[in-house]
Amino acid sequence: MQQHPHTSRRRTGRLAGLTAALAAVVGLSTLTGPGAHAADNPYERGPAPTESSIEALRGPYAVSQTSVSRLAVTGFGGGTIYYPTTTADGTFGAIAVSPGYTALESSISWLGPRLASQGFVVFTIDTNTTLDQPDSRGDQLLAALDYLTQRSSVRNRVDSSRLGVMGHSMGGGGSLEAAKDRPSLQAAIPLTPWNLDKTWPEVRTPTLIFGADGDTIAPVSSHAEPFYGNLPSSLDRAYLELNNATHFTPNSSNTTIAKYSISWLKRFIDNDTRYEQFLCPLPRPSLTIEESRGNCPHTS
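For the structure given in this document, a descriptive report is provided here. Every chain's residues receive numbers from 1 upward, in the order its sequence appears when written. With the structure being a predicted model, the display of local features is reserved for residues of pLDDT at least 70 and the display and counting of side-chain atom pairs for 80 or more, all residues being used for whole-chain, interface and lining totals. Note that the side-chain values use all heavy atoms of the structure and ignore hydrogens as well as water.

**Thoughts on the sheet that holds strand β1 (residues 63–68)**
Alright, step 1. Here nine strands make up an open sheet; going across it, the order is β1-β2-β4-β3-β5-β6-β7-β8-β9 and the pairing mixed. Each end of this open sheet is capped by a strand with a single partner; those strands are β1 and β9 (289–294). When strand polarity is set aside, the average angle formed by the axes of neighbouring strands in this sheet is 15 degrees.
Alright, step 2. At least two bridges found by DSSP between two strands is the condition for calling them paired. Helix and strand definitions follow DSSP, with helices as H or I runs of at least four residues and strands as E runs of at least two, each counted in order from the N terminus. Across six bridges, β1 lies against strand β2 (residues 79–84) in antiparallel orientation. The partner of T66 across the bridge, within β2, is I81.
Alright, step 3. Sheet strands in contact with helix α7 (residues 255–269) are β3 (92–98), β4 (120–125), β5 (158–168), β6 (187–191), β7 (207–212), β8 (237–242) and β9, and its direction is about 160 degrees off that of β6. Comment: axis = line fitted to C-alpha atoms, over the contacting stretch for helices; angle = value between 0 and 180 degrees taken between N-to-C directions. Every residue pair with non-hydrogen atoms within 4.5 Å of one another is taken to be in contact.

**What to know about the state of the cysteines**
Alright, step 1. Cysteine sulfur atoms that pair up within 2.5 Å are treated as a disulfide. Across all of its chains, the model carries one disulfide by this definition.
Alright, step 2. Between the sulfur of C280 and that of C296 lies a disulfide, 2.0 Å long from S to S. Handedness here is read from the sign of the S-S torsion; for C280 and C296, about -80 degrees, the answer is left-handed. Highlighted residues: C280 in the loop between α7 and β9 and C296 in the segment after β9, separated in sequence by 16 residues.
Alright, step 3. Buried, partly exposed and exposed residues are distinguished by accessible area as a fraction of the type maximum, computed with a 1.4 Å probe on protein chains only: under 20%, between the cut-offs, and over 50%, respectively. Residue classification places C280 among the buried residues on the basis of a relative accessible area of 13%.

**Let's talk about the nonpolar core**
Alright, step 1. Membership of the largest hydrophobic core comes to 38 residues, with the highest contact counts inside it found for F76, I81, V121, F123, L145 and L148.
Alright, step 2. Among the elements of the structure, β2, β3, β4, α4 (134–150), β5, α5 (170–181) and α6 (224–229) are those that each provide at least two residues to this core.
Alright, step 3. A total of seven residues in this core trace back to one element, the largest contributor, which is α4.
Alright, step 4. If near-sequence neighbours (up to four positions away) are discounted, V121 is found in contact with I81, Y82, Y83, P84, F92, G93, A94, I95, L148, V154, R157 and V158.
Alright, step 5. Only buried residues count toward a nonpolar core. Its members are Ala, Val, Leu, Ile, Met, Phe, Trp, Tyr and Cys residues joined through side-chain atoms within 4.5 Å. Core analysis: the second largest hydrophobic core is formed by 34 residues, I54, M166, A212 and L265 among them.

**Some points on the environment of Y83**
Alright, step 1. Positionally, Y83 belongs in strand β2.
Alright, step 2. Given the relative accessible area of 14%, Y83 is considered buried.
Alright, step 3. Taking the C-alpha atoms as reference points, Y83 and L115, 32 residues apart in sequence, are found 9.1 Å from one another.
Alright, step 4. Residues contacting Y83, with those up to four places away along its chain left out, are A62, V63, S64, Q65, T66, A116, F120, V121, V154 and R157.

**Section: empty space enclosed by the protein**
Alright, step 1. A cavity here means a set of points on a 1 Å grid, drawn over the protein atoms and nothing else, where a 1.4 Å probe fits but cannot get out; a pocket is an open set with protein on both sides within 12 Å along at least five of seven lines, and a residue lines either one if it has an atom within 4 Å of a point. Grid points are joined across faces, edges and corners, and a volume is the space filled by probe spheres set on the points. With the rule as written, the count across this model stands at one cavity of 30 Å³ or more.
Alright, step 2. Looking at the largest cavity, its volume works out to about 70 Å³.
Alright, step 3. Along its surface, the largest cavity is lined by L208, A238, Y239, L240, Y260, W264, L279, L282, P283, S292 and R293.
Alright, step 4. Those elements that place two or more of their residues in the lining of the largest cavity are β8, α7 and β9.
Alright, step 5. Considering each element in turn, the lining of the largest cavity owes the most residues, three residues, to β8.
Alright, step 6. Three classes are used, and their members are as follows: Ala, Val, Leu, Ile, Met, Phe, Trp, Tyr, Cys and Pro are nonpolar, Asp, Glu, Lys and Arg are charged, and the others, Gly among them, are polar. Per-class residue counts for the lining of the largest cavity are nine nonpolar, one polar and one charged.

Printed below as a string of structure tokens:
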């Protein structure tokens, strides 16, 4: 029997309405469910961020840690892996972090649980020797990432295509070396970095450089600022100079460093544009920020 065209349209309309309503309900539950991800970004992890959530000492994920003996690895000096305990959200992006000249892993260990609780696997490492230079530290950061993704006990929790590097002082210089040597890295964050090489035209990794206005060991005028200025102008890059800070400010828990590092790592390792609001427009000078520079809006 042939349907009347108006009847057919009404049924089609009701069906479309039901479909839209169902989609709305599903969408609502997806957005409000724990650990839910946006359908258009499979790498998104955790709830929508707020100023307070990225400034908090701990993010939404419970964190476990495991020690890695230097005797069990080659190419670096072992360290500690911090990771979200849940497996419900699939894999996470990962970051390796290097200490500076003469320093041990303990000097940058605060970053482990702070970043991991926001939805990353974080490997804070010791170097082969405390006197290793930036180029060696860059190689060691990459060796640590390779161990993390290929041999570690948490390798199944890591997305090997979404990796980044951080480091303090010569470790910060090392993070630039690592980014130069491995363009597939998604993010680099040098913290009051030191390196004799001042030009980085080879870097293709989105890079956020922290300087300190009171740094007398790696003065920003001869380290952090020229590093930033000699990155490719087309690169997603940023420079944030800490106010009333020293070379060693990154060695203890710091809300400004954490806030913008989390935002940078989320934006470029997780492709999570929900964090763009904290990076662009650029942070204004404040009690903790001397100045900032960068390319906005970001294009990666």
